[in-house]
Amino acid sequence: KAGVTQTPRYLIKTRGQQVTLSCSPISGHRSVSWYQQTPGQGLQFLFEYFSETQRNKGNFPGRFSGRQFSNSRSEMNVSTLELGDSALYLCASSLGVLRDTEAFFGQGTRLTVV
Amino acid sequence: DAKTTQPNSMESNEEEPVHLPCNHSTISGTDYIHWYRQLPSQGPEYVIHGLTSNVNNRMASLAIAEDRKSSTLILHRATLRDAAVYYCILRGGSNYKLTFGKGTLLTVNP
């Protein structure tokens, strides 16, 4: 069974540009979450989608947005990139959104903003 | 979100058992205790989770204190591949999101 696939794996963007990252969950999984990981702040929750609806959102500015499609694939978008947005962006998929459900993470997309 | 406290780092020798502690004194009755680990240059990987009873799987064991205010992840025979950051997370509350702390960096010596 294929795991969580994130594309692209690496990305370099210029300050002020926007970027879209993609996540394909494990087949059958309907929940997708996004996390940002930086050396200073660690792993921080961005948002979670279930059946195309955003269920939760972390404390990030409105420049960070996401969506989920009917096939459960998800995208996240960051507009007006800042140097501080350089990070590893991780996507996780789960069967559901119950508190006893395990999450499966992808390898992440390494975004560098210059 | 209920908070967890873990040691910043621990060291072990290969093929020896490792006990990784986690304190969660403000845990609520419906919070599940989850453990994830992150190997270098990889995304986090699920290890184990439990509610009240001790749990075992092919990767590890989870021992939960009777009052649920602490738990211990047990790796029965550490290998070099177990060197990672281990995160203890409480999943519950109103939105069930995974809130990662700093975790414990486990070093395994050959």
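The model shown is predicted, which means the values in this text are computed figures rather than measured ones. (Residues numbered from 1 in each chain as written. Chains lettered and ligands numbered in written order. Predicted model: local features only at pLDDT ≥ 70, side-chain atom pairs only at ≥ 80, totals over all residues. Heavy atoms only, no water.)

K.L.:
Outline the sheet that holds strand β9 (residues 104–109) of chain B, listing residues and values.
P.N.:
Residue and element names in this part refer to chain B. A sheet is described by the order of its strands in space; here five strands give the open sequence β1-β9-β8-β3-β4, paired in mixed fashion. Both outer strands of the open sheet, β1 (9–13) and β4 (45–50), are each paired with one neighbouring strand and no more. In this sheet, neighbouring strand axes are inclined to one another by 25° on average, regardless of whether the strands run parallel or antiparallel. The sheet contact formed by strand β3 (residues 32–38) and strand β8 (residues 84–91) spans seven bridges and is antiparallel. Residue pairing for β8: His34 is matched across the bridge by Ile89. (Pairing = 2+ DSSP bridges. Helix = DSSP H or I, 4+ residues; strand = E, 2+ residues; numbered from the N terminus. Axes fitted to C-alpha atoms, helices over the stretch in contact; angles between N-to-C directions.)

K.L.:
Let's hear about the interface of chain B and chain A: which residues, and what values?
P.N.:
Between chain B and chain A, the residue contacts involve 21 residues of the former and 19 residues of the latter. Both sides of the chain B and chain A interface together cover about 1,800 Å² of buried area, and 50% of this is carbon and sulfur. Applying the counting rule to chain B against chain A returns zero salt bridges. Summed over the shared surface of chain B and chain A, the result is three residue pairs in polar contact (both at pLDDT 80 or more). When contributions to the side of chain B that touches chain A are tallied by element, the ones reaching two or more residues are β3, β4 and β8 of chain B. For the side of chain B that touches chain A, the leading source of residues is β3 of chain B, giving four residues. Tallied by class, the residues present in the side of chain B that touches chain A amount to eight nonpolar, 10 polar and three charged. (Contact = heavy atoms within 4.5 Å. Buried area = accessible area lost by both parts, 1.4 Å probe. Salt bridge = Lys/Arg side-chain N within 4 Å of Asp/Glu carboxyl O. Polar contact = N/O pair within 3.5 Å; in protein donor to acceptor, adjacent residues only side chain to side chain. Nonpolar A, V, L, I, M, F, W, Y, C, P; charged D, E, K, R; others polar.)

K.L.:
Provide a residue-level description of the sheet that holds strand β1 (residues 5–7) of chain A, including the pertinent values.
P.N.:
By definition, the strands of a sheet pair up through backbone hydrogen bonds, in either a parallel or an antiparallel sense. Residue and element names in this part refer to chain A. Spatially, four strands are ordered β1-β3-β8-β7 in an open sheet, and the strand pairing comes out antiparallel. In the strand order of this sheet, the two ends are held by β1 and β7 (64–68), each with one partner. When strand polarity is set aside, the average angle formed by the axes of neighbouring strands in this sheet is 15°.

K.L.:
I'd like a rundown of the layout of surface pockets, residues and numbers included.
P.N.:
Roughly 370 Å³ of internal volume is contained in the largest pocket. Residue lining of the largest pocket: 20 residues in total, with Phe104 and Phe105 of chain A together with Pro44, Glu45 and Tyr46 of chain B positioned closest to the centre. If you list the elements that add at least two residues to the lining of the largest pocket, you get β10 (104–105) of chain A together with β4 of chain B. In terms of residues, the lining of the largest pocket owes the most to one element, β4 of chain B, which gives three residues. (1 Å grid on protein atoms, 1.4 Å probe; cavity = no way out; pocket = protein on both sides within 12 Å on 5 of 7 lines; lining within 4 Å. Points joined across faces, edges and corners; volume = space filled by probe spheres on them.)

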